[in-house]
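Here is how the chains run, residue by residue.
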Amino acid sequence: MKIDLVLEEKLVLVTTNSEAHLLGGSDYVYMDWGPDFTLHHGMNFPSAAPDLSFDLGPLALNYVLAAGGSGYFRMSEARSHITAGRLHLVPEMPQFSYPVYAVQSATADETVAVPALAGLHAVASGDIKP
């Protein structure tokens, strides 16, 4: 297998309540970003017990925007909502790394794999809109 890092995202804690300064409360939505996030989230917030969890980021973000609340989301997705004032970064909260990889067979046809990987990098960098 050949593994390439396509993109390194940041997961940030955002909220619809501009006065919020801590994680928690009944409006906190837990988004399952995978085992690394679960581990680091648990180490930073050992007593967090969210009432609601999701495993699909866009669905969780739409829920928070519609119903109010807070959660960890990819900065690239939250940025436009922060700029528009719909979401607010919660100050002094940890940010978590969220790498995105492309995995291919080491014996993949290079005439297909190289352009495909270049396309993924172009989309990830914003040069091409998906």
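Note that this is a predicted model, so its numbers are computed, not measured.

The next point concerns the pattern of salt bridges. This structure, assessed with the given rule, holds 2 salt bridges. With its nearest N and O atoms 3.4 Å apart, the salt bridge here joins E9 to R74. Residue E9 is located in strand β1 (residues 2–15), and its partner R74 is located in strand β4 (residues 70–74); the two are separated by 65 residues in the primary sequence. Classification of E9 by relative accessible area gives buried; the value is 6%. The residue R74 makes a salt bridge to E77 at a minimum N-O spacing of 3.5 Å. Residue class for E77 comes out partly exposed when judged on its relative accessible area of 37%. One network of salt bridges, with partners in common, ties together E9, R74 and E77.

The rules behind each value
Residues numbered from 1 in each chain as written. Predicted model: local features only at pLDDT ≥ 70, side-chain atom pairs only at ≥ 80, totals over all residues. Heavy atoms only, no water. Salt bridge = Lys/Arg side-chain N within 4 Å of Asp/Glu carboxyl O. Helix = DSSP H or I, 4+ residues; strand = E, 2+ residues; numbered from the N terminus. Buried < 20%, exposed > 50% of the residue type's maximum accessible area, 1.4 Å probe, protein only.

Note that every value here comes from positions in space, so none of it alone points to a role or purpose.
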